[in-house]
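Residues per chain are reported as follows:
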Amino acid sequence: MTRRRSGAVSLLTAGLLLAAVLQSPAHAATTAAPALTITPTTVGNTFTVGQQVKLGFSTDATTINWTVRDAGGTEVAKGSASAASLNGQLPLSISTPGWYQTDLTAVASDGTTTLGGTDFAVLTPHDFSTSTDTRIGVAGALGFGSTANNPGLEAVPLMANGGISTDRDEAFWAAAETTKGVIDFPQRYKDYKAALDANNVDFLNILDYGNTLYYPDEAPSTDEQREAFTRYAVAAVDQWGTEHTTYELWNEWNLRDPNGAAKASPENYVALLKMVSAAVRAKHPDVKLTGPSLAVINDWQGWFTKFADLGGLDYVDAVTIHPYVQPLDPEASVTYVNTIRSIMAAHGSTKPIYISEQGWATGTNPSAVSEPVQARDLVRGNLLAYGNGVARYSSYNFMDSGTDPSNVENRFGLVRNRLDTRGALVPKPSYVATAVLARQIDELPLIGQTRFGTNGYDVAFDAGSGQSVHAVWSATPGLVNVAAPAGSQVQITDLYGATTTLTADAGGHVWVSAGPDPFYARGAITGVAASNRFALSVAPEIAGDPATGTLTFTNPDAVAHAFTVSAGGAETSGSAAAGATATAAVSYPAQDSTGARTYTAKVSVDGQAVGLVSTTGTATPPLSVTASHVVNGSGKDLLRFRVTNASSHALPVAGLDWVSGTASGTLLAGCTVAAHATREVDVPITLTGPSTWSANLRRTGEADIKAAGTLLPVTAPTVAKRHTVKLDGVIDPAVARQPAIALEGTGTPPVTGWGGPSDLSGSLWLNHDDQNLYLSAKVTDDVFSQPNRAGNIWGGDGLQLGMTAGAPGETTQTQEIGAALTDAGPVDTWRWTPTTQTGVPPGVQAKVVRDETAHTTTYEIAIPWSTLGFAAKDRLLSTTVVINENDGTGRRGWLTWGKGVAETKNPALFNAVRLAPEAAR
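Sequence order as written defines residue numbering, which begins from 1 separately in each chain. A pLDDT threshold of at least 70 governs which residues receive local features in this predicted model, and a stricter bar of 80 or more applies before side-chain atom pairs are shown or counted, although totals over entire chains, interfaces and linings include all residues. In computing side-chain values, all of the structure's heavy atoms are included and hydrogens and water are not.

(A) Representation of the pairing of strand β23 (residues 499–503) within the structure. In this structure, strand β22 (residues 489–493) lies alongside β23, joined through five bridges in antiparallel fashion. Following the sheet pairing, Ile492 is matched in β23 by Thr500. Linking β22 back to β23 in an antiparallel pair, the connection comprises five residues, with Gly497 at a positive phi of about 105°. Strand pairing is defined by DSSP finding a minimum of two bridges between the two strands. Strands are runs of DSSP state E lasting at least 2 residues, helices are runs of H or I lasting at least 4, and numbering of each runs from the N terminus.

(B) Up close: the sheet that holds strand β29 (residues 547–554). Reading across from one edge, β27-β29-β32 is the order of the three strands in this open sheet, with antiparallel pairing throughout. Whereas interior strands pair on both sides, the edge strands pair on one side only; in this sheet they are β27 (534–538) and β32 (581–588). Neighbour-to-neighbour, the strand axes of the sheet open up by a mean angle of 20°, direction not taken into account. Looking at chain direction, β27 and β29 are connected through five bridges and run antiparallel. Counted as the bridge partner of Ser537 is Thr550 from β29. Angles here are taken between N-to-C directions and fall from 0 to 180 degrees, while the axes themselves are lines fitted to C-alpha atoms, restricted in helices to the stretch in contact.

(C) Representation of the pattern of salt bridges. One speaks of a salt bridge when a side-chain nitrogen belonging to Lys or Arg is within 4 Å of a carboxyl oxygen belonging to Asp or Glu. Taken as a whole and judged by the stated rule, the model has 33 salt bridges. A salt bridge links Lys193 to Asp197; the shortest N-O distance between them is 2.9 Å. Taken together, the residues Lys193 and Asp197, both in helix α4 (residues 187–198) and four residues apart, mark about one turn of the helix. When accessible area is computed with a 1.4 Å probe and restricted to protein chains, residues below 20% of their type maximum are described as buried, those above 50% as exposed, and intermediate ones as partly exposed. For Lys193, a relative accessible area of 7% gives the class buried. Exposure remark for Asp197: the relative accessible area of 40% places this residue in the partly exposed category. Between Glu680 and Lys873 there is a salt bridge whose closest N-O contact spans 3.1 Å. Of this pair, Glu680 sits in strand β41 (residues 677–684) while Lys873 sits in the loop between α12 (865–868) and β53 (876–886), and the two are 193 residues apart along the sequence. Residue Glu680 is classed as partly exposed on the basis of its relative accessible area of 33%. Given the relative accessible area of 48%, Lys873 is considered partly exposed.

(D) Structural context of the UniProt feature "domain: Glycosyl hydrolases family 39 N-terminal catalytic" (unreviewed entry) in the chain. Following the UniProt record, one finds the feature "domain: Glycosyl hydrolases family 39 N-terminal catalytic" (unreviewed entry) at residues 229–439. Annotated as residues 229–439, this span is 38% helix and 13% strand, and its ends, taken at the C-alpha atoms, are 40 Å apart. UniProt positions are given in the numbering used here, feature names are shortened, and annotations may be inferred rather than shown by experiment.

(E) Layout of the sheet that holds strand β11 (residues 166–170). If you walk around this closed barrel you meet the eight strands as β10-β11-β12-β13-β14-β15-β16-β17, and the pairing is parallel. For this sheet, the mean angle separating the axes of adjacent strands, direction not counted, is 25°. Pairing of β11 with strand β12 (residues 202–207) involves five bridges; the strand directions are parallel. Bridged to Arg168 within β12 is Leu204. Sheet contacts for helix α5 (residues 223–240): β12 and β13 (245–249); angle to β12, the most-contacted strand, approximately 170°. The strands touched by helix α9 (residues 371–387) are β10 (136–139), β16 (353–358) and β17 (392–395); relative to β17, the strand with the most contacts, the crossing angle is about 165°. Residues count as neighbours in contact if any of their non-hydrogen atoms are within 4.5 Å of one another.

(F) Region of the structure containing α9. Here α9 is 17 residues long and its end C-alpha atoms lie 24 Å apart, about the 24 Å a rise of 1.5 Å per residue gives. By the criterion of burial, α9 is predominantly enclosed, with 15 of the 17 residues buried. The span expected for a helix works out to 1.5 Å for each residue beyond the first.

(G) Broad picture of the packing of α5 against helix α6 (residues 266–283). Interhelical geometry of α5 versus α6 gives an angle of 40° and a closest axis separation of 9 Å. It follows that α5 is oblique to α6 by the angle criterion. For the pair α5 and α6, the sense of crossing is right-handed. The segment α5 lies against α6, with Asp223, Arg226, Glu227, Phe229, Thr230, Ala233, Val234, Val237 and Asp238 engaging Asn268, Ala271, Leu272, Met275, Val276, Ala279, Val280 and Lys283. Each residue is assigned to one of three groups, with Ala, Val, Leu, Ile, Met, Phe, Trp, Tyr, Cys and Pro labelled nonpolar, Asp, Glu, Lys and Arg labelled charged, and all others, Gly among them, labelled polar. Residue composition of the contact of α5 with α6, by class: ten nonpolar, two polar and five charged. Should an angle fall under 35 degrees it is taken as roughly parallel, and over 145 as roughly antiparallel, whereas 65 to 115 is taken as roughly perpendicular and any remaining angle as oblique. The crossing is said to be left-handed when, going from far helix to near helix, the turn is anticlockwise and less than a right angle, and right-handed when the turn is clockwise.

(H) Representation of the side chain of Ser293. Examined against the element boundaries, Ser293 turns out to sit in strand β14 (residues 289–295). Classification of Ser293 as buried rests on a relative accessible area of 0%. Dropping the residues within four chain positions of it, Ser293 is found in contact with Arg168, Glu248, Trp250, Asn251, Glu252, Trp253, Asn254, Thr320, His322 and Ser356.

(I) Region of interest: the packing of aromatic side chains. Working definition: a ring pair exists when centres of Phe, Tyr or Trp rings (six-membered ring for Trp) sit within 6.5 Å. Plane angles under 30 degrees give stacked, over 60 give edge-to-face, the rest tilted. This structure, assessed with the given rule, holds 34 aromatic pairs. Taking the ring centre of Tyr457 as reference, the NZ or CZ of Arg451 above it sits at 4.0 Å. Over a ring means this: the NZ of a Lys or the CZ of an Arg is within 6 Å of the ring centre and within 35 degrees of the ring normal.

(J) Inspection of the domain arrangement of the chain at higher detail. Considered domain by domain, the chain is made up of domain 1 (36–123), domain 2 (154–441), domain 3 (445–531), domain 4 (532–616), domain 5 (623–711) and domain 6 (718–915). In this entry, domain limits derive from an automatic or database-based domain assignment. Inter-centroid distance (C-alpha atoms) of domain 1 to domain 5 is 34 Å.

This is the structure in structure tokens:
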């Protein structure tokens, strides 16, 4: 029978209060912050192209400011108006499909502010009413009684408009049979089933859980208990029927109630399944019964094998599994599907496989992912499932089940919780990405899945009449060429629904950047392959300044080509000679928003649009505030505040409010920080024990910038005097006259078989000037061996330094740099941390000389302050030095001054060093 689904969306009349996220400082406010209430005019703020986007609000503020950004982080609307003139509605002229976030600022007459925001979607119209496609499902939770967990009946049209064809939901036995022998499903179950029917959304009904009228445990374990459950299962099929309704027996039997009488065993599950299957099919022979709803955890392979051995596959029409892999990407779950299929094949079964749960939680929990990652992973999860022969896929779940960002279970939803401060049921990026997927592949049969490059995927669907839709992504970003007949059009649609039309060139290709976010190519496409024809790079962006970059065109052809690049609302042109590479500058308008960015450029060659190239980046705030524990020339402790303006224009500052221990104050009141400049202010401090500091940088009409940190006292620091070391492999006389730091047998664990100072020992000296930190060392070592190079030099004879700014333990940002004379001849230097800067450290110079007669190795190393990111004038840093030992049989151990590098990575174990202004003599 033909399924019919509606894309209708009903109105949500309840107002939603957005929490006051940020107020002006208390000392500046004389009245309460203004109220800001959002009242969506459409359920979940979800609109279709051509429909006026309106965000309703009420406020007692005098002014409303707003900024709207798309999923790529680009500002698409910005404005300010009196609240009275807006009359409770913010209309936005946005018609491009996508997911959008809106930041709102309510400003009172005295300047106090309340910040809030909401999200909305713009979807292309699509008629699902006659679709028979049941591939895209979701766990709806409409069967739950709690308002906080249940998205409500108004969510069902939102599901339908999002292209969701199936709601996996529940009508619990314990709620249906409250009097023994009387099964009557509550009205709320009937109401949500009626809503699903009205919106033509199929029902995947989980038959689940126990009933204390019959036994105390969750799962049945005896024939008498199973018979009671079977009566409920038959009643459920009687109630809900078999038309557009599929049944799943239990939810994750192998994981739930393992300590109950049924012990989560396959034997007890198959016994229940066999009884339910026989009873239900006797009365409803056309029923579709699925199971075992397998959680891929513990010994799931063994469990499923035993299930199949016991004949479980004979009683189901499809096998359901839950291959969660969070926080890994969905590609990691393909092996689960393959394992299930191989076990089925070994038992002679080719029945369909459903993924009836898979999801990625967002939020602040360490195992959570970002909202954009959730969106792309759910879409890739769907596509990988279909590409690997899975018949249905249900995302877990439709609505966030709570509002706690640190609770993983609260944040699996495609839309926000009904109590979320950004609005009830408003879309997360994953809702829009799912809706776009549904629109792209609706009723299109799978062609197959192919791979390209190292981590590229192409899942293709037959669009008829020689056309196809290819969903393409690559975990390793790069360019692909999409092959199509010369002169034919290829539509490229991004993850959130924005479409660009390209035309295949004379060679029969268009070019598109492929990254972790899938894109869709529609046309007479014959294949997808990696390419290097075009590349886009964009320099780090500072909010408030334009972002600038370069488009590179590599021309392999025997003729020259003229090309035009459209980016950021402007065009630049260039020409590429035959067989040559050419570049064109690109620029993107300045915007005040910060965060992740996606930059896109459309490339036309010889007047024909053939490429859509993109890259990603992050826009950072123009102003930042930091503080450092420093000492002056006399060794007195100071707290040095720095306000840095990274932008190209001067910025005013209202004031910097600071607290250190019991002291507090305001600095830089009413000052201006020049472009590309830093303002510094020192505050004297007295440290008798651990303390903290915090700072709040205020700007009129802008959000405050906050920073905080730890302060620790320093006792008896090592003094490094001022001296510029000559790097010649001989300890400078002025250095040698200074007290040496002795290394002798202090490794942890000690060097294996250490034979005393002649085996391994040494002396160290630290010096400095305005440009560099210097380390001089003379090491006695009876056997010298350094077979390694680059990042592996720690495994041979050589030296490592760990360094942080301030006192030991005040910061976790460590610079770990090493130097070694290699057996190959050159002196190699390497930086291991920060991991973002791993490689040969810029500007570091090292001279290492081995004297085999004396069995000594002399090290002289100059490390620029610019490489370390420390300021020499701060005069306080923390350091540890490691001398590694290798006598030709592998690393035997090390000697160390301080700890925190060799035995464990912990900068709190470093030694404090004070840079004295006196010269070494």
